[in-house]
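Fold and geometry: a report
Below are the chains, spelled out letter by letter.
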Amino acid sequence: MVFTTAINFVRSRGPDEFWRKRKIFKLAAAFLGRRRNCYSIAIRNVHRALVYATKGRKLKKMDFANLWQTRITAGCEQHDIDYSVFRESLVRSNILLNRKTLADLACWEPFTFKALTEVAQKRAVDEGITVVKDRGIVAVHKRGSQKKN
Amino acid sequence: MTKLYSSVPTPYEIIDAQEDRKAYQEIVNNVNKQISENKQGRLFAVVHVAGKQFKITEGDVVVVEGYWPPDAGDRISLDKILLVGAADFTLIGRPLIQRVYRIPQTLLRVNKIAISGEVNHPPDVTGLETRIF
């Protein structure tokens, strides 16, 4: 017997499922285990990976800025000047080298960096730029019983 | 050095400006002598390209990210130099070593400021029928 109507009950989800999932599997190619082979696991991890990539773009900039700042501070300490004083004095002297360049010079061109610290030191003396010292404890709130005496 | 912001009196006093000038002129002469005799050695420069600063020297390969007009194969000269260094001296630009471009300036004298026509009755203008704005 031939059931000619049965075939009408087959509902096609669409011909593109393979390629739709292939897009995800391509992004998951370097993942571990089932995360690169099984779609429902892969899609979750691919979404997380994309979110991390988006957030990472900002973090990368912050990380590098921090690294450069650490290196410049280290170089400044060797020449006995504070980082903030150094940068402020350079800016006021119209020397507009950025952190990346200053860190490069501190690592690879020590004499040039020394010259810059000297310029900054002279300018700091001229302008009266000093390190902001700790102001210490400003107010102490006493709790508990206060004996009146 | 001109003080930009501070009015704090300087803790030192310039006694003899001539001597100071002689001292720094001597340094400049030494530098010029080295350059003229080509004894300065390998130079490095900090150059400003496409909004970013690069520390470069001869033979370097640099990646410039973003839109940049020059094509592959063009020979160009990078003129915005912030710092040049050699073995014995450094030239620090404030902010650039040498002014390399001139923006054209034009002086205008304003002869007259006047209101033509009455307020709310502007003079008729012909020839704008085909305009869309």
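Residues numbered from 1 in each chain as written. Chains lettered and ligands numbered in written order. Predicted model: local features only at pLDDT ≥ 70, side-chain atom pairs only at ≥ 80, totals over all residues. Heavy atoms only, no water.

1. Focus: the overall build of chain B
Worth spelling out the cut-off: Strands here are runs of E lasting at least two residues and helices are runs of H or I lasting at least four, both read from the DSSP assignment and numbered beginning at the N terminus. The globule rule used for comparison is 2.2 Å times the number of residues to the exponent 0.38, while the radius of gyration itself is calculated over C-alpha atoms. Using a 1.4 Å probe on the protein chains alone, a residue whose accessible area is under 20% of its type maximum counts as buried, one over 50% counts as exposed, and one in between counts as partly exposed. The contact criterion used is simple: two residues touch if any of their non-hydrogen atoms lie within 4.5 Å. Residue exposure ignores everything except the shown protein chains as possible cover, and the areas themselves are Shrake-Rupley values with a 1.4 Å probe.
Looking only at helices and strands, chain B has one helix and four strands in total. Shown N-terminal to C-terminal, the secondary structure of chain B runs as helices and strands in the order α-β-β-β-β. In summary, chain B has a C-alpha radius of gyration of 27 Å against a globular reference of 14 Å for 133 residues, an excess of more than 25%. By principal-axis analysis of the C-alpha atoms, chain B measures approximately 75 × 50 × 30 Å. Across the 133 residues that make up chain B, the buried fraction comes to 14%. Contacts spanning at least 24 positions in sequence make up 37% of the contacts within chain B whose residues lie at least 6 apart. Within the structure as shown, chain B displays about 12200 Å² of accessible surface, and the carbon and sulfur contribution to it stands at 53%.

2. With respect to unusual backbone geometry
Residue and element names in this part refer to chain B. Here the bond from R94 into P95 is cis, since omega is -15°, no more than 30 degrees from zero. One can find P95 in the segment after β4 (90-92). With a phi angle near 60°, N38 is a residue other than glycine that sits in the positive phi range. Position of N38 relative to the elements: it lies in the loop between α1 (17-36) and β1 (44-49). A positive phi is found at A50, a non-glycine position, where the angle reads about 55°. The topology assignment puts A50 in the loop between β1 and β2 (52-57). On the basis of relative accessibility, which here comes to 36%, the residue A50 falls in the partly exposed class.

3. Focus: the confidence of the model for chain A
We apply this condition: Scored from 0 to 100, pLDDT records how confident the predictor is in each individual residue.
Chain-level statistics for chain A give a pLDDT mean of 91 and a share of 89% at 70 or above. At the low end of the mean pLDDT range in chain A sits helix α5 (residues 110-127) of chain A, at 93; at the high end sits helix α2 (residues 39-78) of chain A, at 98.

4. A few points about a positive patch on the surface
Residues and elements named next belong to chain A. Operational definition: Residues with no salt bridge and a relative accessible area higher than 30% make up the patches, which join like charges within 9 Å and nonpolar side chains (Val, Leu, Ile, Met, Phe, Trp, Tyr) within 5 Å. Any Lys or Arg side-chain nitrogen found within 4 Å of a carboxyl oxygen on Asp or Glu counts as a salt bridge. Lys and Arg are tallied as positive, Asp and Glu as negative. Neither His nor the chain termini are counted. Where a charge sits is defined by one atom per residue type, namely NZ (Lys), CZ (Arg), CG (Asp) or CD (Glu).
Positive charge collects at one region of the surface, where R11, R13, R20 and K23 lie side by side. Tracing the backbone through its elements, the reader meets R13 in the segment before α1 (17-27). Judged by its relative accessible area of 74%, R13 is exposed.

5. With respect to the pairing of strand β3 (residues 81-85) of chain B
Residues and elements named next belong to chain B. Operational definition: Whether two strands pair comes down to DSSP finding at least two bridges between them.
Counted residue by residue, β3 has four buried out of five residues, so it is predominantly covered. Judged from the three bridges that link them, β3 and β4 form a sheet pairing that is antiparallel. Looking at β4, one finds that L83 is bridged to I92. Hairpin remark: β3 followed by β4, antiparallel, with four residues in the connecting loop.

6. Brief notes about the interface of chain A and chain B
Test applied: Take the accessible area each of two parts loses on contact, using a 1.4 Å probe, and add the two losses: that sum is the buried area.
Listed as interface residues are 20 residues of chain A and, on the opposing side, 22 residues of chain B. For the chain A and chain B pair, buried surface summed over both sides reaches about 2000 Å², with 59% attributable to carbon and sulfur atoms. Its largest share of buried area at the contact with chain B, chain A owes to R123(A), D126(A) and E127(A), together 26% of the area lost on that side. Linking chain A with chain B are one salt bridge, by the criterion used here.

7. What to know about the layout of surface pockets
It is the rolling of a water-molecule-sized probe over the atoms that shows where space remains empty. All names here are of chain B. The condition that has to hold: Method remark: on a 1 Å grid restricted to protein atoms, a set of points is classed as a cavity if a 1.4 Å probe fits but cannot get out and as a pocket if it is open with protein on both sides within 12 Å along at least five of seven lines; lining residues have an atom within 4 Å of a point. Grid points are joined across faces, edges and corners, and a volume is the space filled by probe spheres set on the points. Under the grouping applied here, Gly and all other residues not named as nonpolar or charged are polar, the nonpolar ones being Ala, Val, Leu, Ile, Met, Phe, Trp, Tyr, Cys and Pro and the charged ones Asp, Glu, Lys and Arg.
One number sums up the size of the second largest pocket: a volume of about 550 Å³. Around the second largest pocket, the lining is made up of 23 residues, and of these I56, T57, D60, V62 and L78 lie nearest the centre. Mapped onto the lining of the second largest pocket, the elements with two or more residues apiece are β1, β2 and β3. Examining the composition of the lining of the second largest pocket, we find that four residues originate from one element, β1, more than from any other. Split into classes, the residues belonging to the lining of the second largest pocket amount to 15 nonpolar, five polar and three charged.

8. Things to note about the domain arrangement of chain A
Cut-off, in case you're wondering: Boundaries of every domain are those given by an automatic assignment or by a domain database.
By domain assignment, chain A separates into domain 1 (6-56) and domain 2 (61-145). Of note, the centres of domain 1 of chain A and domain 2 of chain A, computed from C-alpha atoms alone, are 50 Å apart.

9. Here's the deal with the nonpolar core
Keep this limit in mind: Note on terminology: a nonpolar core comprises buried Ala, Val, Leu, Ile, Met, Phe, Trp, Tyr and Cys residues joined through side-chain atoms within 4.5 Å.
Membership of the largest hydrophobic core comes to 21 residues, with the highest contact counts inside it found for I72(A), F86(A), L90(A), L97(A), L102(A) and L116(A). Listed by contribution, the elements that provide at least two residues to this core are α2, α3 (83-92), α4 (99-108) and α5 of chain A together with β1 and β3 of chain B. Setting aside residues no more than four positions away along its own chain, F86(A) makes contact with I72(A), C76(A), I81(A), L102(A), F113(A), L116(A), T117(A) and A120(A). Formed by five residues, the second largest nonpolar core is a distinct cluster that contains I24(A), A42(A), I43(A) and V46(A).

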